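Okay, here's what each chain looks like letter by letter:
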Amino acid sequence: MPHSLPSSPKSTPKDGRNGITKFTNCRIVKGDKLVDEDLWVNSVTGKIIGSQAAFYDDFILPDEVIDLGGRILSPGLIECQLNGAFGFNFSTLLEPAVYAKKVKDLNKQLVKTGVTSYVPTITSQRSELYKRALPHLGPSGYVQVAEDGAESLGAHCEGPFLSPTKNGVHNVDVLRVAETFEDLVDCYGASSLESDGSFRPTPIKMITAAPERGNMTKLIPELTSRGVIYSIGHSEATYEEASAAVGAGATMITHLFNAMRPLHHRNPGIFGVLGLAENLPRPYFGIIADGEHLHPTTIKIAFSSHPDGCILVTDSMHLVGLPDGAYQWTNGESASHILKKGNKLILEGTDRIAGSSITLIECVTNFLNWSGAGIPQALKAVTSTPAAMLGLQGVKGCLDDGADADLVVLSEKRDYSGVELVVDEVWKFGTKVFVR
């Protein structure tokens, strides 16, 4: 996402410094490999710069040289399905000033987990909540203030145009059917779907909806023409219906296997569009690697079917970072309670999983130990692949010259049970914002 405003005064160096940092003795992620290579970043521009251009062509010396002692230097992690964290849920009706402060506080906590960019997610709610909350959840990186923490890449509306038989924990009383584009505008608000002509980007980045409901499949081109990603999810769609949605422009599947028609040998359902049949482009797909939503072998099968489309997500609720107990959640027309025990969340009075409370780096560790993938492949599923899905190649999720200098320093812990990746440092726009 281009940054139309200058960097924060806080990031402007003083006393003749140039704001350039050189990382050395590190392994950086390049494609499917970890490569021993230096990396240069500029906190003034917030960008990664080429070492040859900086040192050999312009004879620039860095303000600081940081020896990472052989640790991994990865692009900042990108979370594509976060319902809330640290006590705040995005699906909450609050006064604007209170809501804005909650988002700001969450951003500063979230970045400490290695997530430098994310897609805040609102579940199926009444129209009033969307119209009140979405203005606070649009893309925020254009301001380029490292100290603000994780930045929003735009909101994800997971509902309310879902199948009532695949609703998961979404309240069926607020689910809707779209026959015309005006039905979407009526639900989310015109300003959430169309630019107002100012420098501020449109708030909604992605919508999850069931393509078989109403005229939703016919509405996909109208959404994508506005830069909104259409994701298939919470759906009873057959393989044919899912294929039609992909043909109309759907490019993502929300939490594959969960809340959708299961794979059948005579009709593979939504999972079937990950194949190469019908000459359709294969969509990206989200995987929740928390040990509750999917069996490890199911995750391995999904990854093997389309490695370049796999995106790890947490689907985490506001219970991330909170102790076990019962917590209130706004669920459409009513208030429900979610029971937390470890990383497992259950909707009170049911046996239904209510999101998770895992962090994205924990999902990466699980995926590493379950899938057989290497560290570069696992990190790709939370960096370059989600960036590509969001249309941010070359800006987010990579270490290319000119990309945003969002970085995570990772160390490895290995024992008999496998490998664990640990977040040691986080850098946002070339400025260090967290040290473990």
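Placed above this text is the structure.
Let me begin by describing the structure that accompanies this report. (Residues numbered from 1 in each chain as written. Predicted model: local features only at pLDDT ≥ 70, side-chain atom pairs only at ≥ 80, totals over all residues. Heavy atoms only, no water.)

Looking at the layout of surface pockets
Then step 1. The computed volume of the largest pocket comes to approximately 620 Å³.
Then step 2. Residue lining of the largest pocket: 29 residues in total, with His136, Gly138, Ser140, Tyr142 and Arg200 positioned closest to the centre.
Then step 3. Of all the secondary structure elements, the ones that give two or more residues to the lining of the largest pocket are helix H2 (96–110) and strand E12 (151–152).
Then step 4. Ranked by the residues each element gives to the lining of the largest pocket, the list is headed by H2, at four residues.
Then step 5. Tallied by class, the residues present in the lining of the largest pocket amount to twelve nonpolar, eleven polar and six charged.
Then step 6. Estimates place the volume of the second largest pocket at around 310 Å³. (1 Å grid on protein atoms, 1.4 Å probe; cavity = no way out; pocket = protein on both sides within 12 Å on 5 of 7 lines; lining within 4 Å. Points joined across faces, edges and corners; volume = space filled by probe spheres on them. Helix = DSSP H or I, 4+ residues; strand = E, 2+ residues; numbered from the N terminus. Nonpolar A, V, L, I, M, F, W, Y, C, P; charged D, E, K, R; others polar.)

Some thoughts on the nonpolar core
Then step 1. Counting 84 residues, the largest nonpolar core has Phe90, Leu184, Tyr188, Leu193, Leu312 and Leu379 as the members making the most contacts within it.
Then step 2. With six residues, helix H9 (residues 360–371) is the largest single contributor of residues to this core.
Then step 3. Core analysis: the second largest hydrophobic core is formed by 16 residues, Cys398, Leu399, Ala403 and Trp427 among them. (Core = buried A, V, L, I, M, F, W, Y, C linked by side-chain atoms within 4.5 Å. Buried < 20%, exposed > 50% of the residue type's maximum accessible area, 1.4 Å probe, protein only.)

Thoughts on the pairing of strand E21 (residues 344–347)
Here is the key point about a regular strand: its side chains alternate between the two faces of the sheet.
Then step 1. For strand E20 (residues 334–341) and E21, the ladder comprises four bridges, and the chain directions are antiparallel. Note that in E21 the partner of Ile338 across the bridge is Leu347.
Then step 2. Here E20 hands over to E21 after two residues, with Gly342 in that stretch at a positive phi of 65°.
Then step 3. Both E21 and strand E22 (residues 353–356) contribute to a ladder of two bridges, which runs antiparallel. Considered in E22, the bridge of Ile346 is made with Ile353.
Then step 4. Connecting the antiparallel pair E21 and E22 is a turn made up of five residues, with Gly349 showing a positive phi of about 85°. (Pairing = 2+ DSSP bridges.)

Observations concerning the sheet that holds strand E25 (residues 431–435)
Then step 1. Read across the sheet, six strands follow the order E3-E2-E7-E23-E24-E25 without closing on themselves; strand pairing throughout is mixed. Two strands lie at the open edges of the sheet, namely strand E3 (33–36) and E25, each paired on one side alone. Neighbour-to-neighbour, the strand axes of this sheet turn through a mean angle of 40°, independent of strand direction.
Then step 2. As paired strands, strand E23 (residues 407–415) and strand E24 (residues 418–428) are joined by nine bridges and run antiparallel to one another. Each residue of the ladder has a partner; that of Glu412, found in E24, is Leu421.
Then step 3. Running at roughly 150° to E24, H9 makes contact with E23 and E24 of the sheet. (Axes fitted to C-alpha atoms, helices over the stretch in contact; angles between N-to-C directions. Contact = heavy atoms within 4.5 Å.)

A short note on empty space enclosed by the protein
One simple way to see leftover space: roll a probe sized like a water molecule over the atoms.
Then step 1. Following the criterion strictly, the structure yields four cavities of 30 Å³ or more and no others.
Then step 2. Counted as a void, the largest cavity has a volume near 70 Å³.
Then step 3. Considering the residues around the largest cavity, the lining is formed by Glu79, Leu82, Ala85, Leu110, Thr113, Val115, Thr314, Ser316, Val320, Ile358, Thr359 and Leu360.
Then step 4. Class assignment for the residues of the lining of the largest cavity results in seven nonpolar, four polar and one charged.
Then step 5. The volume enclosed by the second largest cavity comes to roughly 50 Å³.
Then step 6. In terms of lining residues, the second largest cavity is bounded by Pro75, Gly76, Ile78, Thr116, Ser117, Val395, Lys396, Gly397, Cys398, Asp404 and Asp406.

Some remarks on the environment of Pro386
Then step 1. Position of Pro386 among the secondary structure elements: in helix H11 (residues 384–389).
Then step 2. A relative accessible area of 0% places Pro386 in the buried class.
Then step 3. Setting aside anything within four residues of it in sequence, one finds Pro386 in contact with Ile78, Cys80, Ile311, Lys380 and Ala381.

Observations regarding the pattern of salt bridges
Then step 1. Applying the stated rule across the entire model yields 22 salt bridges.
Then step 2. Glu292 is the partner of Lys344 in a salt bridge, and the nearest nitrogen-oxygen pair spans 3.9 Å. On the criterion of sequence distance, the pair formed by Lys344 in strand E21 and Glu292 in the loop between strand E17 (284–288) and helix H8 (296–305) is long-range, its members being 52 residues apart.
Then step 3. For Lys344, a relative accessible area of 36% gives the class partly exposed.
Then step 4. Judged by relative accessible area, Glu292 falls into the partly exposed class, the value being 33%.
Then step 5. Here Asp308 makes a salt bridge to Lys380, at a shortest N to O gap of 2.8 Å. Residue Asp308 is located in the loop between H8 and strand E18 (310–313), and its partner Lys380 is located in helix H10 (residues 375–380); the two are separated by 72 residues in the primary sequence. (Salt bridge = Lys/Arg side-chain N within 4 Å of Asp/Glu carboxyl O.)

Some thoughts on the packing of aromatic side chains
Then step 1. The final tally for this structure, using the stated rule, is eight aromatic pairs.
Then step 2. With a centroid separation of 5.1 Å and 85° between ring planes, the pair formed by Phe303 and Phe367 is classed as edge-to-face. Here Phe303 is found in helix H8, whereas its partner Phe367 is found in helix H9, with 64 residues between them in sequence. An identical accessibility class is assigned to Phe303 and Phe367; each is buried. (Phe/Tyr/Trp six-rings, centres within 6.5 Å; stacked < 30°, edge-to-face > 60°.)

Overview of the sheet that holds E20
Then step 1. The four strands lie next to each other as E19-E20-E21-E22, forming an open sheet whose pairing is antiparallel. Whereas interior strands pair on both sides, the edge strands pair on one side only; in this sheet they are strand E19 (325–331) and E22. Averaged over all pairs of adjacent strands, the angle between their axes in this sheet comes to 35°, without regard to strand direction.

These values are about where atoms sit, not about what they do.
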